[in-house]
Amino acid sequence: RASLDWFDRSFESLTPLVENGHPHNSPRLGLYIVRAKTHELLGDFKSAKADWEKAVELRGAGDKPIMHVGLTAFRLQSGELALDDAIEEVRAIGSPTKSVLSTSFYSEVARFFVIAASLHPDRREELMGNAIETIHASLDDGMTRHIRVVRDPVFAPLRARPEFQDLLDRMGFERDGMEEKRNRDRVVE
């Protein structure tokens, strides 16, 4: 709860900057995203969804698919969407054209499936399989920078699966997932 007070004070200090013509909303955007994730960790999905919706408004057009997948996850967690409707919504968003944001999009879709699996244990295998398939699709498209999947606590159930070890190899990470092979072997002079 103390971290939420910090967010409130931060928003208060940023509001005059934005109102006085600050060239972009990125500081506020970042605060909305992180505060939404904090609300999510605290189980307050209604507040998480509200902050995420504000972030969607502020985010650039290229990031909108990523943001909409996250919003669908919050709607699923809050009970606003049934599982099959949420899956249909995520699939309708489609995959982005190749860009710097593509890996983030695939990671967000995989995150959605991991969250859905935690909410629907009766469909856990199917949903976790969808998360693994999503990351494989990203790797097939040449996107290997899935640091978030390797380190974000939301992905812990996915990392515990044997199939995840194959993904680590494909992504270029050591089996413990904390060190990239390509960086480990670099010589520092």
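Our structure's up above, just so we're on the same page.
Residues numbered from 1 in each chain as written. Predicted model: local features only at pLDDT ≥ 70, side-chain atom pairs only at ≥ 80, totals over all residues. Heavy atoms only, no water.

Participant: I tried to follow the overall build of the protein on my own but got confused; where do I start?
Facilitator: Helices and strands together make up the secondary structure of the protein, namely 11 helices and zero strands. Starting at the N terminus and walking to the C terminus, you meet the elements of the protein as α-α-α-α-α-α-α-α-α-α-α. Expressed as a percentage of its 189 residues, the buried residues of the protein come to 42%. Taking the intrachain contacts of the protein between residues at least 6 apart in sequence as the baseline, contacts between residues at least 24 apart amount to 56%. (Helix = DSSP H or I, 4+ residues; strand = E, 2+ residues; numbered from the N terminus. Buried < 20%, exposed > 50% of the residue type's maximum accessible area, 1.4 Å probe, protein only. Contact = heavy atoms within 4.5 Å.)

Participant: Explain the nonpolar core to me, please; I cannot follow it from the model alone.
Facilitator: Soluble globular proteins tend to bury their nonpolar side chains together. Membership of the largest hydrophobic core comes to 33 residues, with the highest contact counts inside it found for Phe-112, Leu-158 and Met-171. Of all the secondary structure elements, the ones that give two or more residues to this core are helix H4 (64–77), helix H5 (83–93), helix H6 (102–119), helix H7 (124–140), helix H8 (147–151) and helix H10 (162–171). Of the residues forming this core, the biggest block, nine residues, is contributed by H6. Those residues in contact with Phe-112 that lie beyond four places of it in its chain are Val-69, Thr-72, Ala-73, Leu-76, Ala-86, Ile-87 and Val-90. Formed by 11 residues, the second largest nonpolar core is a distinct cluster that contains Ile-33, Ala-55, Val-56 and Phe-74. (Core = buried A, V, L, I, M, F, W, Y, C linked by side-chain atoms within 4.5 Å.)

Participant: Please clarify how the packing of H5 against H6 should be interpreted in this entry.
Facilitator: The relative placement of two packed helices is expressed as an angle between their axes plus a distance between the axes. The contact between H5 and H6 brings their axes to 12 Å, and the two run at 170°. Comparing the axis directions of H5 and H6 gives the class roughly antiparallel. Contacts between H5 and H6 involve Leu-83, Ala-86, Ile-87, Val-90, Arg-91 and Ile-93 from the first element and Phe-105, Val-109, Phe-112, Phe-113 and Ala-116 from the second. In terms of residue class, the contact of H5 with H6 is built from 10 nonpolar, no polar and one charged. (Axes fitted to C-alpha atoms, helices over the stretch in contact; angles between N-to-C directions. Parallel < 35°, antiparallel > 145°, perpendicular 65-115°, else oblique. Nonpolar A, V, L, I, M, F, W, Y, C, P; charged D, E, K, R; others polar.)

Participant: Would you mind going over the packing of H6 against H7 with me for this structure?
Facilitator: Look at H6 against H7: their axes get within 8 Å of each other, and the N-to-C directions meet at 170°. In terms of orientation, H6 lies roughly antiparallel with respect to H7. Packed against H6, whose contacting residues are Tyr-106, Val-109, Ala-110, Phe-113, Val-114, Ala-116 and Ala-117, the element H7 presents Arg-124, Leu-127, Met-128, Asn-130, Ala-131, Thr-134, Ile-135, Ala-137 and Ser-138 at the interface. Each residue belonging to the contact of H6 with H7 can be placed in one class, and the counts come to 12 nonpolar, three polar and one charged.

Geometric descriptors of this kind do not, in isolation, establish any biological role.
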